[in-house]
Amino acid sequence: MSGFTSDGSFHFSRAEEIYQNLRSGHLFTFIATHTFHNSGVGSFLFYPTVFLYPWALLRFVFDPIMAFYIWYGLFMFLTLSCAYYAMYGFSRDRLRAVMFALFYTISSYHVYLGLRNYVLGEFIAYTFIPLAMYGFYEVIWGDQRKWSLLAGGVALLTYSHMISVVITVGLFICLFLCRLIVDRHFSKERWVTLLKSVAVTFLLVAWFVYPFWTDFIKTRLGTPSFGFAFLYSMQDL
């Protein structure tokens, strides 16, 4: 695994910490006591860990490198499946769905995230973007009865990578505003469906977003910065 980066070290350490805690009989991980130089770093409180658990469970059977590659293969297959499902639902064309799924899954950017730079949070989020996009399309333009795809897709993104959620929701807002400008007729039923999707999404992610807000954003918790130009004052430190 050449070219191991700081992102890779971060995610491998998180997976190893979860594994060590599971081995000790502790289901949830809040601070690092086995990895990160035993420093007690609390990134687990603020960074999604849901999809690291399959990786950690694989550690009970395989060595760390093999466990990663199996986990990576499973997510590649899951990405392929989600992309196929979303495109087939959109186009009802199996060939188009297969081609889209293949190109989306093995795109250079996706491979770069997973095997070159190990930006694994974004790599995981990449898997569920088609579901969220397809769900949004159905709610705004298509079959509004499929609103659960939007709620589920955005929730899965939240369990993966917070910045991807912000970017995706921002795109949704822009597309929705364009929809209202181009065609001002937006039925009451679609409004209800959209609000239902938003409400269910908040319910699905509340267990993660609430402590993220109260313990991180609301308290203005300091984070490390890179470069001398961005160092905090001694009082902040």
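Structural notes, computed from the coordinates. On a predicted model such as this, the values are computed, not experimentally measured, just so you know. (Residues numbered from 1 in each chain as written. Predicted model: local features only at pLDDT ≥ 70, side-chain atom pairs only at ≥ 80, totals over all residues. Heavy atoms only, no water.)

**Digging into the packing of aromatic side chains**
Per the counting criterion, the structure on display carries 33 aromatic pairs. Ring geometry for F36 versus F44: centroids 6.5 Å apart, planes at 90°, classification edge-to-face. Measuring from centroid to centroid gives 6.1 Å for F68 and W71, while their planes differ by 35°, and the two rings are tilted. Of this pair, F68 and W71 are both found in helix 3 (residues 64-91), three residues apart, which corresponds to roughly one turn of the helix. Residue class for F68 comes out buried when judged on its relative accessible area of 0%. Members of the aromatic cluster, connected to one another through ring pairs, are F12, F51, W55, F68, Y69, W71, Y72, F75, Y118, F123 and F128. Sitting above the plane of the Y19 ring, R59 keeps its charged end 4.2 Å from the centroid. (Phe/Tyr/Trp six-rings, centres within 6.5 Å; stacked < 30°, edge-to-face > 60°. Helix = DSSP H or I, 4+ residues; strand = E, 2+ residues; numbered from the N terminus. Buried < 20%, exposed > 50% of the residue type's maximum accessible area, 1.4 Å probe, protein only. Lys NZ or Arg CZ within 6 Å of the ring centre and 35° of its normal.)

**Quick word on the packing of helix 6 (residues 120-140) against helix 8 (residues 162-182)**
The interhelical angle for the contact between helix 6 and helix 8, taken along N-to-C directions, is 20°, at an axis separation of 11 Å. In terms of axis orientation, helix 6 runs roughly parallel to helix 8. Both helix 6 and helix 8 take part in a crossing whose hand is right-handed. Contacts between helix 6 and helix 8 pair E122, A125, A132, M133, F136 and I140 from the former with S164, L171, F172, L175, F176 and R179 from the latter. In the contact of helix 6 with helix 8, the residues fall into nine nonpolar, one polar and two charged. (Axes fitted to C-alpha atoms, helices over the stretch in contact; angles between N-to-C directions. Parallel < 35°, antiparallel > 145°, perpendicular 65-115°, else oblique. Left-handed = near helix turned anticlockwise from the far one by under 90°. Contact = heavy atoms within 4.5 Å. Nonpolar A, V, L, I, M, F, W, Y, C, P; charged D, E, K, R; others polar.)

**Comments concerning the state of the cysteines**
Taken as a whole and assessed by the stated rule, the structure comprises zero disulfides. Of the cysteine sulfurs around C174, a residue in no disulfide, the closest is that of C178, at 6.8 Å. For C174, a relative accessible area of 47% gives the class partly exposed. (Disulfide = S-S within 2.5 Å.)

**Overview of the environment of F123**
Along the polypeptide, F123 turns up in helix 6. For F123, a relative accessible area of 0% corresponds to the buried category. If we ignore the near neighbours within four places in the chain, the residues touching F123 are W71, Y72, F75, M76, H110, L113 and G114.

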